[in-house]
Amino acid sequence: MAGEPDEDAYVEDEGELIDWQLSVAFAKSRHAEKIEGSKTLTQSWRMKERMKTVSVALVLCLNVGVDPPDVVKTSPCARLECWIDPLASSPQKALEAIGSSLQKQYERWQPRARYKQSLDPTVDEVKKLCTSLRRNAKEERVLFHYNGHGVPRPTVNGEIWVFNKSYTQYIPLSVYDLQTWMGSPSIYVYDCSNAGIILDSFRQFSTQREQENESSSAGSSPRYNNSSCNSQASGVAAVKNCIQLAACRGNELLPMNPELPADLFTACLTTPIKIALRWFVLQNTSKLVPNLTQELVDRIPGQLNDRRTMLGELNWVFTAITDTIAWNILPRELFQRLFRQDLLVASLFRNFLLAERIMRSYNCTPISSPRLPPTYQHPMWQAWDLALDLCLSQLPKIMDESSNFKHSLFFAEQLTAFQVWLSFGSEHRNPPEQLPIVLQVLLSQVHRLRALDLLGRFLDLGPWAVSLALSVGIFPYVLKLLQSSARELRPLLVFIWAKILAVDSSCQADLVKDNGHKYFLSVLADPYMPAEHRTMAAFVLAVIVNEYPSGQEAALQGNLIAICLEQLNDPHHLLRQWLALCLGKVWTNFNAARWCGVRDSAHEKMYVLLTDPIPEVRAATVFALGTFISNATERSDHANNIDHSVGLKLVSVTQDGCSLVRKELSVALSGLILQFESQFSAVAYQFLEEERQREQNNPTIAAIAPGGWNVVTNVGTDGSLPSAVSGSSMKYSTSRGSIKGLAISPILSYNSSGGSSYESSGSVENVPVFQDRLKRASSSSSLASLATPGYGNVYTNVWKCLLQLVMDPDPEVGDMVKRLVNSVNLKATTTARPKLMAKSTITSHSAPSSPSNRPPANMPQLPQLSETPPQATNFPGDVMVKAGEQTMSQRPHSGLPVGSQFRYSAQFSRSRKIFDKGPSILEDQEEETTRTSTKDSLVSTEFFQWCCKYFGQSVMRVSDDKDQESEPHHEREFRFMRNARVREEARLEQLRAGFNRLDDQVFINKNQSVPTVIKFHPYEPHLAVADREGISIWEWEQGTRTNYFFNQNPRHSRITAMDFINAHTKTLLLTGSDDGAVRIWRNYCGENEEQLELVTAWQALSDMLPSTRGSGLVMDWEQESGNLLVSGDVRIIRVWDTQTEMKLQDIPTGADSCVTSLVSSSMGKSLLIAGCGDGSVRLYDRRLAATECRVMTLREHTGWVVKVHLQRGTDGKIISAGVGGDIRFWDPRFTESVKHFQTSQGLTAFEAHPCRDVLACGSVNQYINIFNQFGDNLSTIKYHDGFMGQRIGPITCMAFHPHKIRLAAGSTDSFVSVYSTPDKRR
């Protein structure tokens, strides 16, 4: 006994270690989220229409030498106009020089515009100028620059001033007229005192125009007012599309400081760097250059458009700062309109921000329309001052010593600030203000690499970050960079473009237009590029060709198919996935690409990926092969043969364990059905014929029409239904037969355990049901009979595949295939309908009458499928019956054809409410004709869009599993601490388990139905109890039931196995039913209002054999390896790898009976033990070949083996119990049992505690015996009469708690009990 605590301590330490190291099954994104694309964000970054200012009117009213009468100027006063002193020469020459200088200043911002000067003009000259410019500009923007320094101030009546011809009078010019002449779109610049009055007048006149337009539209006749309405409408549009910049408010005068130019506002708008430098000197704020003079500033070397010079770099910094201020202050829509739509407008508004800063220092406030928020105190202006100071500090040395100019650190420092933001940035914080600066830095080769890296990190934060970057104007820059040949930029650009296209796929057109796709083709074909970057290139190319014919053509010419095929065997699974998706998209509805793939044997090369260990790769491959055979083009024998071979290959995917793959298989096979619709209809028709011949006394439902009526193929000679048919036999049912029963019913019922119902959608979606119960024994004959030489093996095999998928445990897969199968069956039945009946018209909403069963002479022949196609001439009359309604012979004849009645039927769910009236007839009347073509009932998924969503999410961020500060990590840490505490508490109980009684009943309650399987959760106080069709979750410590849900298995089947997956962390519930299906549930407890979810489901065993007393499906779950072992009423043991969701191996049992119990070694991962129905215990070594893996057969039990158990530890013994009551202990090294003892006959359940040698035997005789490993009876739990006596019926199932000494038992009276050792503390 002294060594036991040490051993337990070792086990406990190991347990704690295991919690962190245990794999977590079914936790991938395909299990945790719905397979759908991301919600598309409304992209506002792309301008609806880009504009260009093509004409500029420069109207200068200076009247040099004559001051206006209403302005009293100071002495000295500001005199410079466009940096020219007008008094230095004759008035006319000065005026012309000023006009020419202003034009040159504007030409720097828009050199291609058409400029017209109007110097000291009259009203007529202004009118002529404006109308001519508008006429030539058409729909483009026109700029009107007005300098009113030589005329009176604007009036409150909305007038500005010009001259008469002799310059003896000031003539008013109405802003209303100016609006009319200028039209829309236009931009106005007012450089005069009281300029704000013009904006107010402009707004008033705009309102007046709108009112005039409304009144004229309401009061005039439409016949006569078309022209007037158009002119008025254009006037209203002029108001909305006009931009105005005014030098000051309506009550302010322009600055008259003689150190400033007179046209300070114009200088700020057109020569921002020059005026900024002068103002910087005047402010005397330089810290580094104390003796800074205006003469020194004027000698700054360089050109404004050369960023390598001091002047050019200052201009670059100024542009970045003003862009940044605008982007951070302005609303996004206004920023797009003012700073991204028109280059000249963007330049003027950037300079307008400087004008606001400078002029406000002289008590003058520039205003604009649309109005901007104040920006003159933005912190970025301090960065501008610092950049100016640092540049100017170098100026004396450059002038005196001719030293080289050192570039500013402004951009490097701003990138550092951006990097700091990225370290803590998220969607919930303010956007980084440096983002526009990053845009500017892309223009510099010095900082480009770092800027792209930081930009990529920013885009990786999510779609919101991509939208922000696009709104700031990143797109044309990164598009232009695709022309770069620098290899070091390739990974960064590929990453950035993957992020952009994941959010906005419309950029595909821009890429193809600029030949950007060639860049990604070269990256994908580059063997030296890392696989991650080639994956992103494949994704970009897949988006380029997605539903974009021009992109498909360009990619095909770029040899995309060959490039992808060369890398299909790459070790990187994400690359394999996107290569397959890219191939699937490039030949979607593009025959040239398909035949290019045929020449390269693309479909054959892709077959190897159908067995890829990654489910997403397999799904992508099925997707690609599906689009490969779905091209609806002219058919040829060669094309048909290729489609047949691909279709047969896809049939092998039917048994894939991943529902994601099977959904894509359903879509792929729907494409095959589209191509060979008639042939599949013939197969379905032959199937229905054989069913009819077997079921002469019962009608065979062939299909469900769009309205919900059942199309029946067996009617008596008098047109009535056989008497054997009743309402109950024709209702929607959950019975769907065994897996082999698929051969009997080509279209079978869907399972609606959750009370779900069909909705009337007007399309052929639903699958009818047949008789309530189908025998398994007569299963394979029908399908086998179809595989005859005359019918062609291709269509038969594919049809059999579809029928199996109809029975798929995953309801989404089943529903998809039901639409396909039902539509084919409906076409098969309606194709054989008499033509004369189809000519009848709809006259009533009543049920259809019974048509005659005599086939007319013009009965159409079914399409030729082979040399001996089925004949339709003997096809009986078709009728439709509705569940629970009167038969056809009891109804009045309406004379309506069968097909015309489909749209008047309604669909009712199995769980129809008592007062439910069903769907509205009005909804069904939207369908005008009966659709019998599968083209109208194709199925689809969002798998491609879901895959694209991966690149829209962060791929650089540390996952929650590895981030020790994340909430999921803390939750997991809490669970592991709880697990350790449970194991520690249970350890003390285990020490007393070998000699303590175990009969203290701590829980009893009545279950929903008779329990079949019962399981303890290892760490939560949950007890899962399964009956035939559902699971109850009990909180056994509190004695309450937290949830009950249906397992969705067919009504004829029952749940025979159950286990907890990932019990150490977020637990899932695994269930298995005797039809071979396995289902995994999330949120099974019903706590915290979490919705029950089916994580996945698949057919673990597809060939369950009929048996009068079968074991059903038996399972053994290995959490350490993630393997699931299944067997039962079959002759094999199948091992599933839940990480890959594939079958690992099939181990032949070598027995002629079913497997009743499975257990495997958790230590060596190789020993497998199976108890069989013939009494044998068989040992297998999974490392050996299938023919050699059975290493030992132990035959000492005389009957059914109830349970086998493998003790923990390296030298663990095997314990087995037979139905005869004999308990045997085995040593794997010997063929004979090392110990055994006998209990009573009629053993129905046996359990051994996983941690201690405590055995429990449940009997049909209503008692439970508890033994230790020596055979000593510790306690007996019996049925006792009396008020306080225990209620225990014949035992059906038992389970020990994995750690605690607790025993749960279920009995035939539906009671569930939990027993414990006596509590010593009581």
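Here the structure is a predicted model, which means the values were calculated and not measured.

Asks: Outline the packing of aromatic side chains, listing residues and values.
Replies: One pass over the structure, following the stated rule, counts 39 aromatic pairs. Of the aromatic side chains, those joined through ring pairs into one cluster are F539, W578, F623, F944, Y950 and F951. K274 extends its terminal NZ or CZ atom over the ring of W83, reaching a point 4.4 Å from the ring centre. Over the face of the ring belonging to F628 we find R594, whose NZ or CZ atom lies 5.0 Å from the ring centre.

Asks: Could you give an account of a nonpolar patch on the surface, naming the residues involved and the relevant values?
Replies: A cluster of nonpolar residues, L288, L386 and L390, forms a patch on the protein surface that exposes about 250 Å² of accessible area. On the accessibility criterion, L390 (35% relative accessible area) is partly exposed.

Asks: Mind laying out the nonpolar core, listing which residues take part and the relevant values?
Replies: Membership of the largest hydrophobic core comes to 254 residues, with the highest contact counts inside it found for F458, W497 and W578. If near-sequence neighbours (up to four positions away) are discounted, W497 is found in contact with F475, V478, L479, L482, C507, L511, F520 and V540.

Asks: I'd like to hear about the sheet that holds strand β12 (residues 1000-1006), residue by residue, with values.
Replies: One open sheet accounts for four strands, arranged β12-β39-β38-β37; its pairing is antiparallel. The open sheet terminates on both sides in strands that have one partner only, identified here as β12 and β37 (1291-1296). When strand polarity is set aside, the average angle formed by the axes of neighbouring strands in this sheet is 15 degrees. Here five bridges tie β37 to strand β38 (residues 1302-1307), and the two strands are oriented antiparallel to one another. Bridge assignment links A1295 to a residue of β38, and that residue is A1304.

Asks: So, the sheet that holds strand β8 (residues 367-369): which residues are in play, and what are the values?
Replies: Pairing is mixed across the open sheet formed by six strands, whose spatial order is β2-β1-β3-β6-β7-β8. Because the sheet does not close on itself, it has two edges, and the strands there are β2 (114-119) and β8. Here the average twist between neighbouring strands, direction ignored, is 10 degrees. Relative to β8, strand β7 (residues 242-246) is paired through three bridges, and the arrangement is antiparallel. Each residue of the ladder has a partner; that of A246, found in β8, is I367. Against the sheet, helix α3 (residues 91-107) contacts β1 (53-60), β2, β3 (141-147) and β6 (186-191), and its axis sits at roughly 155 degrees relative to β2.

Criteria and thresholds
Residues numbered from 1 in each chain as written. Predicted model: local features only at pLDDT ≥ 70, side-chain atom pairs only at ≥ 80, totals over all residues. Heavy atoms only, no water. Phe/Tyr/Trp six-rings, centres within 6.5 Å; stacked < 30°, edge-to-face > 60°. Lys NZ or Arg CZ within 6 Å of the ring centre and 35° of its normal. Patch = residues over 30% accessible without salt bridge, like charges linked within 9 Å, V, L, I, M, F, W, Y side chains within 5 Å. Areas by Shrake-Rupley, 256 points an atom, 1.4 Å probe, with all protein chains shown as cover. Salt bridge = Lys/Arg side-chain N within 4 Å of Asp/Glu carboxyl O. Buried < 20%, exposed > 50% of the residue type's maximum accessible area, 1.4 Å probe, protein only. Core = buried A, V, L, I, M, F, W, Y, C linked by side-chain atoms within 4.5 Å. Contact = heavy atoms within 4.5 Å. Pairing = 2+ DSSP bridges. Helix = DSSP H or I, 4+ residues; strand = E, 2+ residues; numbered from the N terminus. Axes fitted to C-alpha atoms, helices over the stretch in contact; angles between N-to-C directions.

Such coordinate-based values are descriptive only and should not be taken to indicate function.
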